[in-house]
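Chain residues, written in single-letter form:
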Amino acid sequence: MKTGSGLHLFLVLIMMFGVIPTAGAEEQQPQVNWIEGGRSVEIGDGLATLDLAEDHVYLNKEDTAKLKEQAGAAPSPREIGSIFPTNENEDWMVIVEYEEVGYIKDEEKNDIDADEILNSYKEGTEEANKDRKPEEQIHVVGWDVKPFYDEKTHKLEWSMLGEDAQKHPLINYNVQLLTRKGYVSFVLITDQANLPQDKNILHEKILANFKIKEGNRYEDFNEATDNVAEYGLTGLVLGGLGLAVAKKTGFLLLLAGLLKKGWVLIMVLFGAIAAFFKKRFGRKTAAPESGPVDQPAAEQPDAEEAPKEQTPPGQAPPAL
């Protein structure tokens, strides 16, 4: 498992969530119910199921909130679960969110103007930078993945590249699955070096096994009774913002909006948070249960914690 210093974690939490970990937080162990892989888990209030991979563990909404609080971060009401690897060589996590904004029409599926969206964010970001100190400015670089909508699966994927004044990369990676009443977001947290392989894990082991229940599917929309969202696919890429607003505020407001919603940006150092969860909290797993699982089980005695890894003498902690 990768190691990291307390200072590194401290800075990560400040940059990610704008908070400072409380004293003694590293010594405390949250009482959460880790659900072992190899079974089906319920996600959301009757929203969906996930066939959890053998080498993954899952936390439901309540336990995801507990874990974030223990790390000094405020949970978001949109978060409905989180997924972690059990492979000690992998440092990633996926937070699942759900937002009911109404049925999002996909009429723009063949007309998403990626260039216009990108230019709008660039213009707005540079305009907003005029009110920021040079060392606090953020710049849009381009698309990592241009907005792509899969009409068959009703899945929208896109990833925008940015950088701060110190040239640290910012990667806002999004996978959003449309439903009858809104959309599910899959927020991948990893480091830049492992982003390609961890994106494959997200698509092949998580998204491929995530099933929206009948009645909540996109095709179950009832025009006579269901609400329709105020924006379409372009608006979803813009985080609910219009192009005019993006031109005025750019990437900075998108980042602020994501953080307010509890979304997490993938940055070059963000893999440390997953390593922190594994190193500090260990993996407490629930006893095997039959059928879908989502409700917290009775507390189980803590498993024996593996020895904590230390940074070898003379070796500097990971660079920011």
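All residue numbers here refer to positions counted from 1 along the written sequence of the relevant chain. Given that the model is predicted, a residue must reach a pLDDT of at least 70 before its local features are reported, and side-chain atom pairs must reach 80 or more before they are shown or counted; all residues, however, enter totals for whole chains, interfaces and linings. Here the side-chain values reflect all heavy atoms present in the structure, with hydrogen atoms and water set aside.

**Some words on helix H3 (residues 114–129)**
- The helix and strand labels rest on DSSP assignments: H or I over at least four residues marks a helix, E over at least two residues marks a strand, and numbering proceeds from the N terminus. Helix span, expected: 1.5 Å multiplied by one less than the number of residues in the helix. Its 16 residues place the ends of H3 22 Å apart at the C-alpha level, agreeing with the 22 Å of an ideal helix rising 1.5 Å per residue.
- Along H3, the positions that sit buried rather than exposed are Ala114, Ile117, Leu118, Ser120, Tyr121, Gly124, Thr125, Ala128 and Asn129. Relative to the axis of H3, the buried residues are bounded by an arc of 160° and lie together on one face. Burial status follows relative accessibility: with a 1.4 Å probe on protein chains alone, a residue under 20% of its type maximum counts as buried, one over 50% as exposed, and anything between as partly exposed. Of all possible arcs, the one meant is that of the directions from the helix axis to the C-beta atoms.

**Digging into the packing of aromatic side chains**
- By convention, a stacked pair of Phe, Tyr or Trp rings (six-membered ring in the case of Trp) has centres within 6.5 Å and planes under 30 degrees apart, an edge-to-face pair has planes over 60 apart, and any other such pair is tilted. For the structure on display, the rule yields five aromatic pairs.
- An angle of 90° between the planes, with centres 6.3 Å apart, marks the rings of Trp143 and Trp158 as edge-to-face. Of the two residues, Trp143 is situated in strand S7 (residues 138–150) and Trp158 in strand S8 (residues 155–164); the sequence distance between them amounts to 15 residues. When sorted by exposure, Trp143 lands in the same class as Trp158, which is buried.

**Some thoughts on the pairing of strand S9 (residues 169–178)**
- Judged by how many residues are buried, S9 sits mostly within the fold: nine of ten residues are covered.
- Two strands are said to pair when DSSP picks up at least two bridges between them. Two strands pair when backbone bridges link them, and S8 and S9 are joined in this way by nine bridges, in the antiparallel orientation. Of the residues in S9, the one forming a bridge with Met160 is Asn172.
- Joining the antiparallel neighbours S8 and S9 is a turn of four residues, in which Lys167 adopts a positive phi near 70°.
- The sheet contact formed by S9 and strand S10 (residues 183–189) spans four bridges and is antiparallel.

**Here we look at the pattern of salt bridges**
- When a carboxyl oxygen of Asp or Glu is within 4 Å of a side-chain nitrogen of Lys or Arg, the pair counts as a salt bridge. Inspection of every chain in the model, using the stated rule, returns twelve salt bridges.
- Here Glu99 and Arg78 are joined by a salt bridge, their closest N and O atoms 3.3 Å apart. You can see Glu99 sitting in strand S6 (residues 93–99) and its partner Arg78 sitting in the loop between helix H2 (61–70) and strand S5 (79–85), a full 21 residues away along the chain.
- Glu99 sits in the buried class, given a relative accessible area of 15%.
- Under the relative-accessibility criterion, Arg78 is labelled partly exposed at 24%.
- Where Arg217 meets Asp220, a salt bridge forms, and the shortest distance between an N and an O atom there is 3.0 Å.
- Its relative accessible area of 28% is what places Arg217 among the partly exposed residues.
- Taking the relative accessible area as the measure of exposure, Asp220 reaches 18% and is therefore buried.
- One network of salt bridges, with partners in common, ties together Arg217, Glu219 and Asp220.

**Considering unusual backbone geometry**
- Positive phi, normally seen in glycine, also occurs at His154, with a value near 60°.
- Checked against the element boundaries, His154 lands in the loop between S7 and S8.
- For Lys167, which is not glycine, the phi dihedral falls at a positive 70°.
- Within the element layout of this structure, Lys167 appears in the loop between S8 and S9.
- Using a relative accessible area of 58% as the deciding quantity, one classes Lys167 as exposed.

**Side note on the side chain of Arg180**
- Among the secondary structure elements, Arg180 is positioned in the loop between S9 and S10.
- The exposure class of Arg180 is buried, given its relative accessible area of 18%.
- Two N or O atoms form a polar contact when they lie within 3.5 Å of each other; inside protein one atom must be a possible hydrogen donor and the other a possible acceptor, and for residues adjacent in sequence the pair counts only when both atoms belong to side chains. From its side chain, Arg180 meets the backbone oxygen of Gly215 in a polar contact 3.0 Å long.
- A distance of 3.4 Å separates a polar atom in the side chain of Arg180 from the backbone oxygen of Asp220.
- Apart from the residues lying within four places of it in its own chain, the contact partners of Arg180 are Tyr103, Gly215, Asn216, Arg217, Tyr218, Asp220, Phe221, Asn222, Thr225 and Asp226. The contact criterion used is simple: two residues touch if any of their non-hydrogen atoms lie within 4.5 Å.

**Concerning the environment of Gly182**
- Residue position: Gly182 is located in the loop between S9 and S10.
- Among the residues examined, Gly182 registers a relative accessible area of 0% and is labelled buried.
- For the pair formed by Gly182 and Asn227, sequence separation is 45 residues and the distance between their alpha carbons is 9.5 Å.

**So, the environment of Ile112**
- Position of Ile112 relative to the elements: it lies in the loop between S6 and H3.
- Assessed through its relative accessible area of 17%, Ile112 is described here as buried.
- For the pair Ile112 and Gly235, spaced 123 residues apart in sequence, the C-alpha separation works out to 9.9 Å.
- Sequence-distant contacts of Ile112, that is, excluding residues within four places in its chain, are made with Ile117, Pro147, Leu156, Leu233 and Thr234.

**Considering the environment of Ile104**
- Inspection of the secondary structure assignment puts Ile104 in the loop between S6 and H3.
- Judged by relative accessible area, which is 0%, Ile104 ranks as buried.
- When the C-alpha atoms of Ile104 and Tyr218 are compared, they prove to be 8.9 Å apart, with 114 residues separating the residues in sequence.
- For Ile104, the residues in contact, after removing those within four places along its chain, are Leu178, Tyr183, Tyr218, Ala229, Tyr231, Gly232, Leu233 and Leu236.

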